[in-house]
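# Commentary on secondary and tertiary structure
So you can see what is in the structure, the chains are spelled out below.
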Amino acid sequence: MMSETYRIGLGNNNNSLREKANSDFVSFWDEQAKHLSWFSPWDKTLDWSPPFAKWFVGGTINASYNALDIHQSEKSTKSAILWEGENGESRNVTYGEMFTLVQKFANVLKSLGVQKDDRVTIYLPMVPELIVSMLACARIGAIHTVIFSGFSATSIKDRVSDSKSKIIITADGGYRRGKIVKLKDVIDDAIKDIDFVEHVVVLERTKNKITMNPKDNLWNDLMNNISELCSAEALPSDHPLYILYTSGTTGKPKGVLHGTGGYLTHLHSTFKWAFDIKDSDVFFCTADIGWVTGHSYVAYAPFLHGATQVMYEGAPDFPDASRMWDILQKYKVTIFYTTPTALRMFMKFGDEIPNSFDLSNLRLLGSVGEPINPEVWKWYFKTIGKEKCPIIDTWWQTETGGMLISPLPGLESIPLKPGSGTLPIPGVDISVVDEIGKDVPVNTKGYLVIKNPWPGMLLTLWNDDEKYKTVYWSKYENCYYPGDYARKDEDGYLWLLGRADDVLKVAGHRIGTAELESCIVSHPSVAESAVCGIPDEVKGEVIIAFVVLKQGVEQNSKILEKEIIDKIRNNIGSIATPKQIYFVSKLPKTRSGKIMRRLLKAIGNNEKIGDVSTLEDGAAVTEVQQVFDELKTSIKNNLE
Ligand code: PRX
């Protein structure tokens, strides 16, 4: 299987680093960790009692210190954040200003009784205060848990209850497509029955009317007359930095817990290798901080390097399709990191729009979150990068903390292949295996596995070591199982082929089928439900839902559909809204009761079933065909 290659690099070639990493990954990471500032050195680089890894044991460090304090002597007047509001406002926040804001807000948190290890929930729009809040938590050893501002009150309630956050930081509202999203109202609803929340801090961003409750305090009031000095706590390397909830295959989101020393080492190294970051660069990652990309490569990695970055508040196509290119031109962006979904959308708008902007400062282009199809890769390379910027397709996950597969132009110059993330980062051993863990032959689809620990890996799942073991470490002995399909080609390049489990990827966002199904069946008229993803030209994948109503329910399906969609929006958030709901009389199941999702997908795609010989559970081919035909007929009748 030959594929096109693009020889474009930055001339860096440091193969010795890769060799060193391959021969002894522990000493290799030991060296990398020394690029950070530690309060005290570690005695042991890695304590590995599978599946729990502790990196740099005995060392003490602080994330906020490495993000801010270390830059004060040389970069206090350098821009840390070039912020662009959706409504056209802009702010230039320097490293010096961030340092003051973070110290002040850390003192605010202390004054509200926040102590080391306490959890703080953050539900803010994309404004600099979101990063200030995170770095302030890190400064005093509190564990932040950021919730994407598109999530609903029920999702917040579940997450706040699970993390037992005493403090919530929110805003009156945030701008999205010219409208105000009333975040404070959502928080009021989410925490009305939670008595352990002691304080809510409210940033006034949109100045819309809000109700102030006894627990509420305005951000500005708290920041007035508070000391500007707050030294960073020396924390053990494995001190938890944050919890980030993410969807899995069960009904409840999992609280992925990340540590400090290992995580920062991973980010520092990968940011340098993948983006070849220089002091003069202007970096722009479009990810919302509510997702892991925004945590790792907006809130932390650029700060570790004292880099300047653009932060944008709103929708990428608001007020029109030229917004992104306008931002790139305005701030002279040199490194742009976005998602295939965004690129597919921009590509649909046509070349004329980006061609009418000056994008000549760009030197590197990144992609993350979903497989990038070769067609889009080439469009990105030609139309946006003018054939001079390498495409950095980075594969990783919430759980991995940072990139694990990516071209690394800051380290080495290798040919790129459109659609491949190329090679694992140094020090990480990745294979593609079959069901029993044996390496599959070259160019054969299999499961991706990671065979050794890496510094950015999650510590565990919040309050659930058992689930951590079962979800990631039980399929193959002592190997991390990410739940992705992949193949390795003749050059050892990895091609990521999508999720191998029941996790959907809609516009690059993770949505668990079980979570969505349990939300749908909570509607009083619904007996059963199954959801699946079908390919979509822009979003990669969209959701379709199959719903079986309870016996005797005779409601109009249009009204029911609306009620179910409202329920999903209220319980999860609009990102989980299905594109289509099919009301059916029963779900296709194997004899042992497993839903045959492949049939559902085939129906959604209006396809034939295809090869059923490998169907799970050994269901008979005729039986599958019969269920498929019945289901199709029931949908047809329903639509007539
Ligand atoms: O399926 C892979 C896909 O996104 C999943 C992780 O999702 P999440 O935890 O939300 O993190 C996304 C941002 C890091 C992976 O299991 N994925 C991520 N990056 C890529 C990708 N699939 C293909 N190519 C990528 N570059």
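Criteria and thresholds
Every chain's residues receive numbers from 1 upward, in the order its sequence appears when written. Side-chain atom pairs in this predicted model are given and counted only at pLDDT of 80 or more, local residue features only at pLDDT of at least 70, and totals for whole chains, interfaces and linings cover all residues. In computing side-chain values, all of the structure's heavy atoms are included and hydrogens and water are not. The definition of a nonpolar core used throughout is a set of buried Ala, Val, Leu, Ile, Met, Phe, Trp, Tyr and Cys residues joined through side-chain atoms within 4.5 Å. Burial status follows relative accessibility: with a 1.4 Å probe on protein chains alone, a residue under 20% of its type maximum counts as buried, one over 50% as exposed, and anything between as partly exposed. The contact criterion used is simple: two residues touch if any of their non-hydrogen atoms lie within 4.5 Å. A carboxyl oxygen of Asp or Glu within 4 Å of a side-chain nitrogen of Lys or Arg is what we treat as a salt bridge. Helix numbers and strand numbers start at the N terminus; a helix is a DSSP run of H or I with at least 4 residues, a strand a run of E with at least 2. Pairs of strands are assigned from DSSP output, requiring at least two bridges between the strands. Axis definition: a line fitted to C-alpha atoms, over the contacting stretch in the case of helices. Angles run 0 to 180 degrees between N-to-C directions. pLDDT measures how confident the predictor is about each residue, on a scale from 0 to 100. In these notes, residues near a molecule or strand are those with any non-hydrogen atom within 4 Å of it. Polar contact is defined as a pair of N or O atoms within 3.5 Å, subject to the rule that within protein one atom must be able to donate a hydrogen and the other to accept it, and that residues adjacent in sequence are counted only when both atoms are side-chain atoms. Note that accessible areas follow from Shrake-Rupley with a 1.4 Å probe, and for residues the cover is restricted to the protein chains shown. Gly is placed with the polar residues, together with every amino acid not listed as nonpolar (Ala, Val, Leu, Ile, Met, Phe, Trp, Tyr, Cys and Pro) or charged (Asp, Glu, Lys and Arg). An expected span of 1.5 Å times one less than the residue number is assigned to each helix.

By the naming in an unreviewed UniProt entry, the protein chain is Acetate--CoA ligase, taken from Candidatus Nitrosopumilus sediminis.

Here the focus is the nonpolar core. Core analysis: the biggest nonpolar cluster contains 150 residues, and Met98, Phe105, Ile131, Ile169, Phe275, Tyr300 and Phe303 have the highest contact counts within it. Ignoring sequence-local partners within four residues, the contact set of Ile169 consists of Phe105, Leu109, Val120, Thr121, Ile122, Tyr123, Leu124, Ser133, Val201 and Trp219.

A few words on the pattern of salt bridges. Two side chains that carry opposite charge are able to pair once their charged atoms sit near each other. Inspection of the entire model under this criterion finds 32 salt bridges. Here Glu399 ties to Lys254 by a salt bridge, and the two come within 3.9 Å at their closest N and O atoms. Remark: Lys254 occurs in strand E15 (residues 254-258) and Glu399 occurs in the loop between strand E20 (391-394) and strand E21 (430-433); sequence separation between them is 145 residues. The exposure class assigned to Lys254 is buried, which follows from its relative accessible area of 6%. The salt bridge partner of Asp489 is Lys417, with a shortest N-O separation of 2.7 Å. Note that Asp489 is positioned in the loop between strand E24 (484-488) and strand E25 (494-499) and Lys417 in the loop between E20 and E21, a separation of 72 residues in sequence. For the pair shown, Asp489 and Lys417 are each scored as buried. Here the salt bridges do not stand alone but share partners, grouping Asp276, Lys278, Asp281 and Arg363 into one network.

Attention now moves to the sheet that holds strand E28 (residues 526-536). If you walk across this open sheet you meet the three strands as E28-E29-E30, and the pairing is mixed. The open sheet is flanked by E28 and strand E30 (580-584), the only strands paired with a single partner. Here the strands of the sheet are splayed against their neighbours by 25° on average, with no regard to which way each runs. Bridge count for E28 against strand E29 (residues 540-549) is 10 bridges, and the pairing is antiparallel. Each residue of the ladder has a partner; that of Ile534, found in E29, is Val542.

Okay, the confidence of the model for the protein chain next. Here the protein chain averages 93 in pLDDT, while 95% of its residues score no lower than 70. Under a pLDDT of 50 for its full length, residues 613-618 has, in the predicted model, nine contacts with residues more than four places off or in other chains.

By nearness alone, 17 residues border the ligand, and Thr394, Thr398, Asp484, Arg499 and Arg510 come closest of all. Between Gln397 and the ligand, the recorded distance is 2.9 Å, taken from a side-chain N or O atom to an oxygen atom. Burial of the ligand by the surrounding chains reaches 96%, relative to a free accessible area of 540 Å². If you list the elements that add at least two residues to the shell around the ligand, you get helix H11 (292-304), E20 and E25. Grouping the constituent residues of the shell around the ligand by class yields six nonpolar, five polar and six charged.

Turning our eyes to something else, we now look at helix H6 (residues 128-140). Here H6 contains 13 residues, and its C-alpha end-to-end distance of 19 Å stays within 8% of the 18 Å for a straight helix at 1.5 Å per residue. With respect to burial, H6 is a largely interior element, 13 of its 13 residues being buried. A positive backbone phi angle near 80° is found at Gly141, which sits one or two residues after H6.

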